[in-house]
Amino acid sequence: MAKAKKTLTTAFGIPVADDQNSMTAGARGPVLMQDVHLLEKLGHFDRERIPERVVHAKGAGAGGYFEITADVTKYTKAKFLSEVGKKTEVFARFSTVGGEKGSADAARDPRGFAVKFYTEEGNYDFVGNNTPVFFIRDPLKFSDFIHTQKRHPATNCKDPDMFWDFLSLTPESVHQVTVLFSDRGTPATYRHMNGYSSHTFKWYNEKGESFWVQYHFKTDQGIKNLAREEASRISGENPDHATEDLYEAIAGGDFPSWTLEMQIMPEEEGFNYHWDIFDITKVWPHAEVPPIKVGKLVLNRNPINYFSEVEQAAFCPGNLVPGIATSPDKMLQARLFSYHDTHIHRLGPNYHLLPVNAPKNAPETSYQRDGFMRLDENGGGGPNYWPNSFGGPEPDPTAGEPPFEVKDLAARTPYPHPNDDFQQAGVLYRKVMTDEDRDHLIGNIVDHLGGAQKRIQLRQTAIFYKVDPEYGTRVAEGLGLDVKEIERLAEMSQDDRANATGEGV
Ligand code: NDP
């Protein structure tokens, strides 16, 4: 039986008589202002694009669920983690970081790994990356860093001088640079990579006991990466290959999954640990803090509409439910502000009402009102202030984080790090990587750093030398640099090295 035809309407539901011919004054005459259907169509089209994300603009997403598989109630009172077998609906988004919305999925870049959990205590957002560390550890450097990964102000092209100038003047970046220039910087697809919190977070239990935690979502598909030549080819042939891969896998019933493993450390031990656990350029060695398996993330639903779900999805590291809290990681502290702020800019003050962002299992009962695009009942006739004596929603003191001590002087203090910026990158290079990993790492660096000015090459290669003399020597040889000069630069302080490698134009 033929389907009953639906009538085309304007945005306001008025039937449209003709959608092929604009209304003109005579067959050859000008178009009439009274063709309000045309005006409405063009007006809406002119406003179809919203500001793209300043970072993580290109992404793909899917829905699914998270299931808790181990008893973690001694660490956290979060209700969605309270019972083995309990499932929570999620929406996940994966992305590259530096490129624009149309850029290639195979670019060398960290990958965003964000998951929104629609819990019964409100939305919990996990907003991580596929790398366990980051380039910088102070948010004052963030906008500068991102500028160097984007386009040159004059040429509007990606610029190896900007890229490596900043990194070579920011030695704490070398751990992440080593991960990024390994083949993990070009994961084969979004399904074949891990997701890490990178930051330390806090979990606390019903008794008010606190623990520091790191999240590791380990891919059940296995890690699979692209070699440089393969990534370049795919970027040209199909810039959307990872977006397509995720969609097609789910459409074909091959649902990707990740096992959540947690590293957990009692609160006091964290303050005295020999690595600074609030420094995002460091990991917690597995041998010292073994990860424990606690859950499974499964993606089994493609978005019905890309714009409504993936483009409008808005994740905030500050969306934490009772039982989960922040840590003093300075990068995390700044992200608590920045994500919400950027979503207000991108989507408007009522972005939390969009279906993908709305807390679907714990209805919002705040006193926030009005603003652009308030698309619900806006609190109806109920009170819009607190305290009130008209039966409005009340704060629940049991929802709060246990009090924690803050001490010391307020100041612009660097992280206390006894020259440890090179050690973990050295372990990665020497002990974790295979011969093939090291060959690819050196080739990938030489290929990219080779485009920068020689003085910048010298400065950056000296940093690789500090991580491991063999690492620095191989990069120097690949770039045709004098290894003795690299050795001399590596022995200098960072300031002396910067002075010795001069200024460019
Ligand atoms: P381990 O040997 O216990 O762990 C090394 C981990 O490195 C692996 O478990 C794997 O993590 C990851 N890895 C494996 N191959 C590569 C690669 N080619 N490139 C990047 N990462 C890789 O040692 P430690 O825990 O002491 O860590 C040693 C170094 O490994 C760290 O300095 C860090 O650079 C890196 N690393 C450590 C992680 C941690 O949380 N401890 C996590 C990831 C990397 P995974 O199973 O998560 O893929």
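Just above sits the structure.
In this convention, every chain numbers its residues from 1, walking through the sequence in written order. With pLDDT at 70 or above as the cut-off, local features in this predicted model cover only qualifying residues; side-chain atom pairs require 80 or more to be listed or tallied, and sums for whole chains, interfaces and linings still use all residues. Each side-chain value is worked out from all heavy atoms of the structure, with water and hydrogens disregarded.

Participant: Which residues make up the site of the ligand, and what values go with them?
Facilitator: For this description, a residue counts as near a given molecule or strand if any of its non-hydrogen atoms is within 4 Å of it. Neighbouring residues of the ligand: 17 residues in total, closest His175, Arg184, Tyr196, Lys218 and His286. By the criterion applied in these results, polar contacts are pairs of N or O atoms within 3.5 Å in which, for protein atoms, one can donate a hydrogen and the other can accept it, and in which residues neighboring in sequence qualify only through two side-chain atoms. Within the backbone of His286, an N or O atom sits 2.7 Å from an oxygen atom of the ligand. Between the ligand and Gln424, the relevant distance is 3.1 Å, taken from an oxygen atom to a main-chain nitrogen or oxygen of the residue. Surface accessibility follows the Shrake-Rupley procedure with a 1.4 Å probe radius. Residue values consider only the protein chains on display as shielding. Compared with its free state, where it exposes 770 Å², the ligand has 78% of that area covered by protein. Elements with a contribution of two residues or more to the shell around the ligand: strand S7 (210–219) and helix H10 (423–432). Within the shell around the ligand, the residues separate by chemical class into eight nonpolar, six polar and three charged. Segments assigned H or I by DSSP are reported as helices when at least four residues long, segments assigned E as strands when at least two residues long, and all are numbered from the N terminus. Gly is put with the polar residues, along with every residue not named as nonpolar or charged; the nonpolar set is Ala, Val, Leu, Ile, Met, Phe, Trp, Tyr, Cys and Pro, and the charged set is Asp, Glu, Lys and Arg.

Participant: Give a description of the pattern of salt bridges that names residues and reports values.
Facilitator: In a structure, side chains of opposite charge can pair up when their charged atoms sit close to one another. Salt bridges are counted wherever a side-chain nitrogen of Lys or Arg sits within 4 Å of a carboxyl oxygen of Asp or Glu. Summed over the entire model, instances satisfying the criterion amount to 34 salt bridges. Across the salt bridge formed by Arg430 and Asp468, the nearest N and O atoms sit 2.8 Å from each other. Placement of Arg430 in helix H10 and of Asp468 in the loop between helix H12 (454–467) and helix H13 (469–479) is noted, with a sequence separation of 38 residues between them. Note on Arg430: relative accessible area 43%, which makes it partly exposed. Each residue is placed in one exposure class: buried if its accessible area under a 1.4 Å probe, protein chains only, is under 20% of its type's maximum, exposed if it is over 50%, and partly exposed if it falls in between. For Asp468, a relative accessible area of 7% gives the class buried. One continuous salt-bridge network, built from bridges that share partners, spans Arg137, Asp279, Lys282, Asp420 and Asp421.

Participant: Give me the packing of aromatic side chains: which residues, what numbers.
Facilitator: Only rings of Phe, Tyr and Trp enter the pairing, Trp through its six-membered ring, and a pair is recorded when the two centres are within 6.5 Å. The plane angle decides the type: under 30 degrees is stacked, over 60 is edge-to-face, the rest tilted. Taken as a whole and judged by the stated rule, the model has 31 aromatic pairs. Relative to Phe135, the ring of Phe134 lies with its centre 5.4 Å away and its plane at 80°, an arrangement referred to as edge-to-face. Classification of Phe134 as buried rests on a relative accessible area of 11%. Judged by centre distance (6.0 Å) and plane angle (90°), the rings of Trp203 and Tyr215 are edge-to-face. Pair noted here: Trp203 is in strand S6 (residues 201–204) and Tyr215 is in strand S7, with a separation of 12 residues, a long-range link. By definition here, charges over rings are those cases where NZ of Lys or CZ of Arg is within 6 Å of the ring centre and within 35 degrees of the ring normal. Over the ring of Tyr65 we find Lys87; its NZ or CZ atom is 4.5 Å from the centre of that ring. A cation sits over an aromatic face here: Lys360 above Tyr118, 4.4 Å from the ring centre.

Participant: Provide a residue-level description of the packing of helix H11 (residues 435–449) against H13, including the pertinent values.
Facilitator: Between the N-to-C directions of two axes lies an angle of 0 to 180 degrees, each axis being a line fitted to C-alpha atoms and, for a helix, fitted only over the stretch in contact. Relative to each other, H11 and H13 sit at 45°, their axes nearing to 9 Å. On the basis of the axis angle, H11 is oblique to H13. Crossing of H11 over H13 shows right-handed handedness. Contacts between H11 and H13 pair Arg438, Asp439, Leu441, Ile442, Ile445, Val446 and Leu449 from the former with Glu470, Tyr471, Arg474, Val475, Gly478 and Leu479 from the latter. Looking at the contact of H11 with H13 residue by residue, the classes come out as eight nonpolar, one polar and four charged. Under this scheme an angle from 65 to 115 degrees is roughly perpendicular, one under 35 degrees roughly parallel, and one over 145 degrees roughly antiparallel; angles in between are oblique. Two helices crossing with the near one rotated counterclockwise from the far one by less than a right angle form a left-handed crossing, whereas a clockwise rotation gives a right-handed crossing. Note on contacts: a residue pair qualifies if any of its non-hydrogen atoms lie within 4.5 Å across the two residues.

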